[in-house]
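# Remarks on the overall topology
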Amino acid sequence: MQTPYYLIDKANLRDNMEKIARLRALSGARCLLALKCFATWSVFDFMSEYMDGSTSSSLYEVRLGAEKFPGETHAYSVAYADHEIDEVLGHADKIIFNSIGQLDKFDTQSSGHIRGLRANPGVSTSEFDLADPARPFSRLGEHDPEEIDAVADRISGLMFHNNCENDSFERFDEMLTLIEDRFGAVLHKMDWISLGGGIHFTGADYPLDDLALRLKAFAEAFGVQVYLEPGEAAITGAATLEVTVLDTMHNGKNLAIVDSSIEAHMLDLLIYREPAKIAPNTGDHEWMICGKSCLAGDIFGEFRFDAPLKAGDRLSFQDAAGYTMVKKNWFNGVKMPSIAIRELDGTTRMVRDFDYDDFAAALS
């Protein structure tokens, strides 16, 4: 298969799905796939066997969830436009407004629908200011419990999303306790609570049973149905980006140029200044792996290999499912990676290829 392409491995994906299913069974919580992280719908039928539905951040995402992911469909957006709200409501089982202002604006249109409101507890676990929902002057949700309580009779649920890149159960417990202490009065008036995503409970050493017990206790204390919105937790380790070395150079370091680009194909590496992952990343030969775009900083990172790299060598960047395919773009006209799936029986099939016509169609 011609590189570059994203390769989704269903066996690895199933490992995450089985942990999600176990958490659901032990805690009673429902789990919705966060489409903002992963929206490759060719595996939605498979994932839906282990999850309860999907949650979205836009009209197009909620429509995709309604059409492609069996189960519940939750709609959330930082702001809905007048021309799209009716279509959003037509696809959603629940609609979550970001502000009381939006709830007021679309009160009549959303009447009769299951409605929720995003609440911002003012603290989060994010290590990146760019991604911190509790950063100063945040627009993400309502902050005042009294103001939320004043509209409690018009909503049946709240959504909190303040666990970002959080792989610590202790830290999650601390965050949830803060929510209980600050919003407890209004929590008792709700039917359901979403605790968002960002909880890396599918990690190898995560105390899943402890999380389940904590969620169950929370649900029983406030009489609510708990929802989680796993994104990366659902797909971590489930895909690679397969690339080929096109050329090698030496300019103080060994450089290898591959047929891919971080700006076009793994944009979060550029945004958060993080390297890609290559396993096992051992050996005596150190190489800087570079993308083929004209961006000077188009660099995947520096890695170690058992032998010098040469044109034609194949490389696999690990953990390439989350925030990659949903952010891929046509910068420099670099060919967009195809999408392939390795089935449980070991066979591999291409499910989507992109060509010049797709590039031209994205423009005008």
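Everything numeric in this text was worked out from a predicted model, so none of it was measured.

Across its full length, the protein carries 13 helices and 16 strands. In terms of C-alpha radius of gyration, the protein reaches 22 Å, essentially the compact-globule figure of 21 Å for 364 residues. C-alpha atoms of the protein, sized along the principal axes, occupy 65 × 50 × 45 Å. Per-residue burial over the protein gives 52% buried out of 364 residues. Long-range contacts, defined as pairs at least 24 residues apart, comprise 67% of the intrachain contacts of the protein with a sequence gap of at least 6. With an accessible surface of roughly 16200 Å², the protein has 49% of that area assigned to carbon and sulfur atoms. One way to put it: in the protein the 34 positive side-chain charges average out to a point 2 Å from where the 58 negative ones average out.

What follows concerns the UniProt feature "domain: Orn/DAP/Arg decarboxylase 2 C-terminal" (unreviewed entry) in the protein. Annotation from UniProt places "domain: Orn/DAP/Arg decarboxylase 2 C-terminal" (unreviewed entry) at residues 237-320. Secondary structure within residues 237-320 divides into 11% helix and 40% strand; the distance between the first and last C-alpha atoms comes to 7 Å.

What sets the pattern is the α-helix's 3.6 residues per turn: residues three or four places apart point alike. If you check helix H1 (residues 10-27), its first and last C-alpha atoms are 25 Å apart, about what 18 residues at 1.5 Å a residue would give, namely 26 Å. The backbone nitrogen of Ala11 lies 2.9 Å from a side-chain oxygen of the residue at the head of H1, namely Asp9. Looking one or two places after H1, you find Gly28, whose phi comes out positive at around 85 degrees.

In terms of nonpolar packing, the biggest core is built from 96 residues, with Phe38, Met47, Leu158, Phe201, Ile289, Phe300 and Phe317 touching the most fellow members. Formed by seven residues, the second largest nonpolar core is a distinct cluster that contains Leu32, Leu140, Trp192 and Tyr227.

So, about helix H3 (residues 59-68). Turning to H3, its buried residues number three or more, namely Leu59, Glu61, Val62, Leu64 and Gly65. Looking at the buried positions of H3, the neighbouring elements they touch are helix H2 (44-47), strand E3 (53-55), strand E4 (72-76) and helix H4 (85-91).

With that settled, the discussion passes to the packing of helix H8 (residues 169-187) against helix H9 (residues 208-222). A pair of packed helices is characterised by two quantities: the angle between their axes and the separation of those axes. Two elements in contact, H8 and H9, have axes whose closest approach is 12 Å; the angle formed by their N-to-C orientations is 5 degrees. Classified by the angle between their axes, H8 and H9 sit roughly parallel to one another. Here H8 contributes Phe169, Phe172, Asp173, Leu176, Thr177, Glu180, Gly184 and Leu187 to the contact with H9, which in turn contributes Asp210, Leu211, Arg214, Leu215, Phe218 and Phe222. Tallied by class, residues from the contact of H8 with H9 come to eight nonpolar, two polar and four charged.

Moving on to the pairing of strand E12 (residues 285-290). Consecutive residues of a regular strand have side chains that alternate between opposite faces of the sheet. When strand E11 (residues 254-258) meets E12, the two strands line up parallel, connected through three bridges. Opposite Ile257, over in E12, you have Cys290 as the bridge partner. Here six bridges tie E12 to strand E13 (residues 299-305), and the two strands are oriented antiparallel to one another. Bridge pairing in E13 links Ile289 to Gly301.

Another point: the sheet that holds strand E9 (residues 225-228). One closed barrel holds the eight strands; their spatial order is E2-E3-E4-E5-E6-E7-E8-E9, and the pairing between them is parallel. Strand-to-strand twist of the sheet, defined as the mean angle between neighbouring strand axes without regard to direction, takes the value 25 degrees. Set on the sheet, H3 makes contact with E3 and E4; between it and E4 the angle comes to about 180 degrees.

This part takes up the pattern of salt bridges. Scanning the model with the defined rule gives 26 salt bridges in all. A salt bridge links Arg63 to Glu87, with the shortest nitrogen-to-oxygen separation between them at 3.9 Å. Within this pair, whereas Arg63 is found in helix H3, its partner Glu87 is found in helix H4, the two being separated by 24 residues in sequence. Given a relative accessible area of 34%, Glu87 falls into the partly exposed group. Linking Glu180 and Arg214 is a salt bridge whose minimum nitrogen-to-oxygen distance equals 2.9 Å.

Take a negative patch on the surface next. Judged by side-chain charge, Glu127, Glu165, Asp167, Glu232 and Glu274 come together as a negatively charged surface patch. Counting through the fold element by element, Glu165 comes out in the loop between strand E7 (157-160) and H8.

This part is about the packing of aromatic side chains. One pass over the full model with this rule turns up twelve aromatic pairs. For the pair Phe97 and Phe106, a centre-to-centre distance of 6.5 Å together with 15 degrees between the ring planes defines the contact as stacked. With respect to burial, Phe97 and Phe106 carry one shared label: buried. Taking 5.2 Å as the distance between ring centres and 70 degrees as the angle between the ring planes, the aromatic pair formed by Phe160 and Phe183 counts as edge-to-face. You can see Phe160 sitting in strand E7 and its partner Phe183 sitting in helix H8, a full 23 residues away along the chain. Comparing Phe160 with Phe183, the two get one shared label, buried. Every member of this aromatic cluster is reached through a ring pair, and the members are Tyr80, Phe97 and Phe106.

Turning to the packing of H1 against H9, a few remarks are in order. At a minimum axis separation of 8 Å, H1 and H9 run at an interaxial angle of 40 degrees. Judged on the interaxial angle alone, H9 and H1 are oblique. The element H1 and its partner H9 pack so that their crossing is right-handed. Along its contact with H1, which presents Lys19, Arg22, Leu23, Leu26 and Ser27, the element H9 presents Leu208, Asp209, Leu211, Ala212, Leu215 and Lys216. Classifying every residue of the contact of H1 with H9 by side-chain character gives six nonpolar, one polar and four charged.

Criteria and thresholds
Residues numbered from 1 in each chain as written. Predicted model: local features only at pLDDT ≥ 70, side-chain atom pairs only at ≥ 80, totals over all residues. Heavy atoms only, no water. Helix = DSSP H or I, 4+ residues; strand = E, 2+ residues; numbered from the N terminus. Rg over C-alpha atoms; globule rule 2.2 N^0.38 Å. Buried < 20%, exposed > 50% of the residue type's maximum accessible area, 1.4 Å probe, protein only. Contact = heavy atoms within 4.5 Å. Areas by Shrake-Rupley, 256 points an atom, 1.4 Å probe, with all protein chains shown as cover. Lys, Arg positive; Asp, Glu negative; His and termini not counted. Charge placed at Lys NZ, Arg CZ, Asp CG, Glu CD. UniProt positions renumbered as here; feature names shortened; annotations may be inferred. Expected span 1.5 Å × (residues − 1). Polar contact = N/O pair within 3.5 Å; in protein donor to acceptor, adjacent residues only side chain to side chain. Core = buried A, V, L, I, M, F, W, Y, C linked by side-chain atoms within 4.5 Å. Axes fitted to C-alpha atoms, helices over the stretch in contact; angles between N-to-C directions. Parallel < 35°, antiparallel > 145°, perpendicular 65-115°, else oblique. Nonpolar A, V, L, I, M, F, W, Y, C, P; charged D, E, K, R; others polar. Pairing = 2+ DSSP bridges. Salt bridge = Lys/Arg side-chain N within 4 Å of Asp/Glu carboxyl O. Patch = residues over 30% accessible without salt bridge, like charges linked within 9 Å, V, L, I, M, F, W, Y side chains within 5 Å. Phe/Tyr/Trp six-rings, centres within 6.5 Å; stacked < 30°, edge-to-face > 60°. Left-handed = near helix turned anticlockwise from the far one by under 90°.

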